[in-house]
Structure formats: structure tokens, C-alpha cells
Amino acid sequence: MKKPVVVCPACQKRAYLEEVLTAQSNQNVIYTCPSCQFMLRNIYTSKG
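The rules behind each value
- Residues numbered from 1 in each chain as written.
- Predicted model: local features only at pLDDT ≥ 70, side-chain atom pairs only at ≥ 80, totals over all residues.
- Heavy atoms only, no water.
- Phe/Tyr/Trp six-rings, centres within 6.5 Å; stacked < 30°, edge-to-face > 60°.
- Buried < 20%, exposed > 50% of the residue type's maximum accessible area, 1.4 Å probe, protein only.
- Lys NZ or Arg CZ within 6 Å of the ring centre and 35° of its normal.
- pLDDT = per-residue confidence, 0-100.
- Helix = DSSP H or I, 4+ residues; strand = E, 2+ residues; numbered from the N terminus.
- Salt bridge = Lys/Arg side-chain N within 4 Å of Asp/Glu carboxyl O.

Here we come to the packing of aromatic side chains. Following the criterion strictly, the structure yields 1 aromatic pair and no others. Plain terms: the ring middles of Tyr 31 and Phe 38 are 6.3 Å apart, the flat faces sit at 55 degrees to each other, and that makes the pair tilted. Here Tyr 31 falls in the buried class, since its relative accessible area comes to 6%. Positioned over the ring face of Tyr 16 is Lys 3, at 5.2 Å from the centre of the ring.

If you want it as C-alpha cells, here you go:
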């Protein structure tokens, strides 16, 4: 089974989904690029 890959909107580097997303207890999701450290907070999900 293939792992999902995410492309950074800032540097275009690719990383596995589980390496770049952090889920918080308040249902916020944070994306952090391991290459350029670009961070995107409060990503909208179907849970809120």
C-alpha cells in the first residue's frame, strides 16, 4: 500500500503525510514542511 504524499506550497518538496501533519486536541491541524519549515495552521477539516 502506498503512503500519501504532500507537496509543500512554498518549496515544492514532497513528504509523507504522517511526517508533515500534526493533529491537535482542539481538532486543528498544522502542516509543517520538513525542508523549508513552512507552516500552515488551522487547516479546515470535515471535523471542524
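Don't stop here, the text continues.
Bringing the confidence of the model for the chain into the picture now. Here the chain averages 91 in pLDDT, and 96% of its residues register 70 or above. Within the chain, the element-level pLDDT minimum falls on strand 3 (residues 21–23), averaging 91, and the maximum on strand 2 (residues 14–16), averaging 97.

Within the element layout of this structure, Glu 19 appears in helix 1 (residues 17–20). Look at Glu 19 and you get exposed, because its relative accessible area is 52%. Between the C-alpha atoms of Glu 19 and Arg 41, which are 22 residues apart in sequence, the distance is 15 Å.

Pairing between side chains of opposite charge can happen when the charged atoms of each approach one another. Under the criterion given, the structure shown has 1 salt bridge. With its nearest N and O atoms 3.3 Å apart, the salt bridge here joins Glu 18 to Lys 3. Here Lys 3 lies in the segment before strand 1 (5–7) and Glu 18 lies in helix 1, a separation of 15 residues in the sequence. Judged by its relative accessible area of 49%, Glu 18 falls in the partly exposed class. Looking at Lys 3, the relative accessible area reads 48%, which means it is partly exposed.

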